[in-house]
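Listed below, chain by chain, are the residues.
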Protein chains: 4
Amino acid sequence: MTGSTGPRGRIDKRQAILDAAFTVFARRGYAQTCVQEIAEVAGAAKPTVYNHFQDKEALFLEAMAAAGETVMARNLAIVDDIHSPKGDLGPLLERIAHQLAQSCCEERSRALRALTYAEVNHFPNLLETVYGRTANRLAEALAGKLAQLSLAGRLRTCDPAAASEQFLALLTAPMETRSRLGTRKVPAAEAKAVAKTAVDTFLRAYGTTTTNRKAA
Amino acid sequence: MTGSTGPRGRIDKRQAILDAAFTVFARRGYAQTCVQEIAEVAGAAKPTVYNHFQDKEALFLEAMAAAGETVMARNLAIVDDIHSPKGDLGPLLERIAHQLAQSCCEERSRALRALTYAEVNHFPNLLETVYGRTANRLAEALAGKLAQLSLAGRLRTCDPAAASEQFLALLTAPMETRSRLGTRKVPAAEAKAVAKTAVDTFLRAYGTTTTNRKAA
Amino acid sequence: MTGSTGPRGRIDKRQAILDAAFTVFARRGYAQTCVQEIAEVAGAAKPTVYNHFQDKEALFLEAMAAAGETVMARNLAIVDDIHSPKGDLGPLLERIAHQLAQSCCEERSRALRALTYAEVNHFPNLLETVYGRTANRLAEALAGKLAQLSLAGRLRTCDPAAASEQFLALLTAPMETRSRLGTRKVPAAEAKAVAKTAVDTFLRAYGTTTTNRKAA
Amino acid sequence: MTGSTGPRGRIDKRQAILDAAFTVFARRGYAQTCVQEIAEVAGAAKPTVYNHFQDKEALFLEAMAAAGETVMARNLAIVDDIHSPKGDLGPLLERIAHQLAQSCCEERSRALRALTYAEVNHFPNLLETVYGRTANRLAEALAGKLAQLSLAGRLRTCDPAAASEQFLALLTAPMETRSRLGTRKVPAAEAKAVAKTAVDTFLRAYGTTTTNRKAA
DNA sequence: TATGAATGAGCATTCATTCAT
DNA sequence: AATGAATGAATGCTCATTCAT
């Protein structure tokens, strides 16, 4: 017995609306999205949407924040796997890089970026609620890990923030191009190659002799 | 003598509308833009807009293509300045990098990217008419230059396309972050620092001993 | 007690819009009619019109069909009164003719004809949905009655369809002229005279000796 | 020498516009017609139309009047052929009837009727300038001829106006139906049959023994 | 005279939002 | 809480008409 459907129903409905909202916003953009379609996708009536959210703007911001939360959690989990390995650093970083590449190409992630980009003029809050909590947060987490590797002597002494920024740059920018702004699915092999090339360049720039790169 | 203003009126009006259109589309996004505002900014009446362009979509696409043309021309001109210098490669690349960084942060450039990103689902043509003619074209031009440097022994043997892709990645992605998706003007000093760091990493990864980097 | 006004509201509104639509279309013609005026006449807001009908075209077609339905019902009822009388056929036919003359001069009927005539090029469907269900249907019903009279020996043997066609022609065409295409109300006396002359000619052409016309 | 093309050109242009106007008005109806299309069909520019005619309304009225003139002339010519024949009246009337049937089915004629019908509310003048000069005028001319036949003893004593009215009614109303309001071309054979049936009924009602009908 | 260009006014249609149930 | 119905406010687009050449 899961209990009465009363309070549970509400929560589910609210969540369903949030999910539907992000889906439709992602598909059409903010202005082209009509609340009617969100309601339909959520399996609710239009007024129900307004019972849960103040208006279209609020719904958009909440849906974006929620999606940002999800994306960030996944990315942080990936980065959190970084540790100072006993052997080569390369394979570890490549695995991480590949996972991040996959993650940033996934639909929700792409939509989040596109919507933020498109609407940041109209909703400056997105910078904090979304960008700050995803891109920035990820860069910080990665910087932390890189600092540890640096202290452990596995990377040369450097500004971890800059290193993190460049690691992500070498990863995300090429993936963006390869996916044609997200309109094309990047084959796993290509994503792996991008990750490998990124790590290769990264280690050439930031590695130490103890990094034990193959090339060394 | 600039000639009579007679026939000029037409061309100027059309151009004025195109310019106004890009300005307003950049400010508001495609759907939030109303033709009325474009007309006002262009100093014309609404029907005049429709005399020159089929409809809002066509106007958007033409305005985007024109802006893409402009942006591309500037970027290509910057890259075209690359040559095999007698002395250090570093200063040359840093100058190029700085100019590109400035260029990609400039308003038109940013708006073009944001609008393409936001509307590529609705107007798949943008991929060709805008993205292909700006980002891709720039990457190709840079790859050509890097290939020459490689042949000249100033860069290690490498895949010039990959090198180009990474050079641009190290430049544009950090600038994107620093400018907070274009909502903040990046100080010249910061842009210069980004350029320097990018070139530093690039040369560590792709330079040769004859590159004569300071660090060497 | 007519019951709660709750669910009625919907049906009434829709009907009110249909009625208003026909009124305004009749007054102005299809293209000159603006939905705004229909809404006003119906006591509704413009979007309400669009909640009930797909678009202006659909509204027009439904309003025409509904009006056709009404007109047809009345005309069929009139014709249905024809029977084989014991005495003279003349008075009966004259009564019927007079009623039909009145009916086809009435505003709704005239408007239906005029609108069908005017828009049949743009809405070929009108031929079926309106013309077929009014003019044609009436002619068929009358033909049936005339066939019965013929079998009863009250009319000479003839093609009932042709007789029906001519009976109606003798009635409607003159009424059309007399009413100046519907811009003038035909006095009852004049309508009666038209009916009488029509029946007179009809019986001269189709009557038998047992018809017992005065002239006989 | 036909002289300079100056004044001639103007006249031709004006006529071309009038013709084009009627063509397009007939095709689309008054309100749906845009001056642009008239200009195109006439091979002129829009302002040229306004150089010749005050505005759209004036153009419409003139085009209608001109078309009415043409139609009337043809119909009067047909009726004018009626004379008191030596032999049977039937064949003569049938020939006349057939010609009138053809004439009233012809495109210009139909369009004139439909447009008058549709716009008589908006342009009451049409009643005089068009209807009066076509339908009424035709009925009068025919009445004159029938009066002569009556005096000549070839038709029974009667009200010639009523006889004329009914003759035309028996002709035009069925043709209207058969042509599905002008959307279908009535085959010559069918038109001939309608004419024959009309004349048959007419002579049964208005003929005399000297009419020498076959049936007699 | 004829015309390319420009415009004021208007209209169908959509949509976010609110009532009444 | 959820919804069918209703609406005020926009917005894209068209068209009759007028300038300026």
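Residues numbered from 1 in each chain as written. Chains lettered and ligands numbered in written order. Predicted model: local features only at pLDDT ≥ 70, side-chain atom pairs only at ≥ 80, totals over all residues. Heavy atoms only, no water.

*Asks:* How should empty space enclosed by the protein be read in this particular structure?
*Replies:* A probe as big as a water molecule, rolled over the atoms, marks out the empty space that is left. For the structure shown, the criterion picks out five cavities of 30 Å³ or more. In this model, the largest cavity occupies a volume close to 170 Å³. Lining of the largest cavity is provided by 21 residues; of these, Gly29, Leu115 and Ala118 of chain A together with Ala118 and Glu119 of chain B occupy positions nearest its centre. For the lining of the largest cavity, the elements supplying multiple residues, two or more each, are helix H1 (5-28) and helix H6 (107-119) of chain A together with helix H6 (107-119) of chain B. Looking at the lining of the largest cavity, the element that brings in the most residues is H6 of chain A, giving six residues. (1 Å grid on protein atoms, 1.4 Å probe; cavity = no way out; pocket = protein on both sides within 12 Å on 5 of 7 lines; lining within 4 Å. Points joined across faces, edges and corners; volume = space filled by probe spheres on them. Helix = DSSP H or I, 4+ residues; strand = E, 2+ residues; numbered from the N terminus.)

*Asks:* Looking at this structure, how should I read the environment of glycine 29 of chain B?
*Replies:* All names here are of chain B. With respect to the helices and strands, the residue glycine 29 is situated in the loop between helix H1 (8-28) and helix H2 (35-42). Residue glycine 29 is classed as buried on the basis of its relative accessible area, which comes to 13%. Setting aside residues up to four positions removed in sequence, glycine 29 forms contacts with Val24 and Leu115. (Buried < 20%, exposed > 50% of the residue type's maximum accessible area, 1.4 Å probe, protein only. Contact = heavy atoms within 4.5 Å.)

*Asks:* Explanation requested: the interface of chain C and chain D in the structure shown.
*Replies:* It is common to give the size of an interface as the accessible area lost on bringing the parts into contact. Each partner contributes to the interface: chain C provides 38 residues, whereas chain D provides 38 residues. Counting every contact that joins chain C to chain D gives two salt bridges. For the salt bridge of arginine 178 of chain D with glutamate 165 of chain C, the shortest nitrogen-to-oxygen distance reads 2.6 Å. Counting the contacts that link chain C with chain D gives 14 residue pairs in polar contact (both at pLDDT 80 or more). When residues of the side of chain C that touches chain D are traced back to their parent elements, those giving at least two are helix H1 (8-28), helix H6 (107-119), helix H7 (125-151), helix H8 (160-178) and helix H9 (188-206) of chain C. Here the side of chain C that touches chain D takes nine residues from H8 of chain C, the largest share from any one element. A class-by-class count of the residues in the side of chain C that touches chain D yields 17 nonpolar, 10 polar and 11 charged. (Salt bridge = Lys/Arg side-chain N within 4 Å of Asp/Glu carboxyl O. Polar contact = N/O pair within 3.5 Å; in protein donor to acceptor, adjacent residues only side chain to side chain. Nonpolar A, V, L, I, M, F, W, Y, C, P; charged D, E, K, R; others polar.)

*Asks:* Can you walk me through the relation of the copies chain A and chain B in this structure?
*Replies:* You can overlay chain A on chain B at an RMSD of 0.1 Å; the transform is a turn of 180 degrees with a shift of 0.0 Å along its axis. Such a turn and shift between the copies fits a two-fold axis. The fraction of interface residues of chain A whose copies in chain B are also interface residues reaches 100%, indicating that both copies meet through the same surface. (Least-squares fit on C-alpha atoms with pLDDT ≥ 70 in both.)

Function cannot be read off these values alone, since they describe shape.
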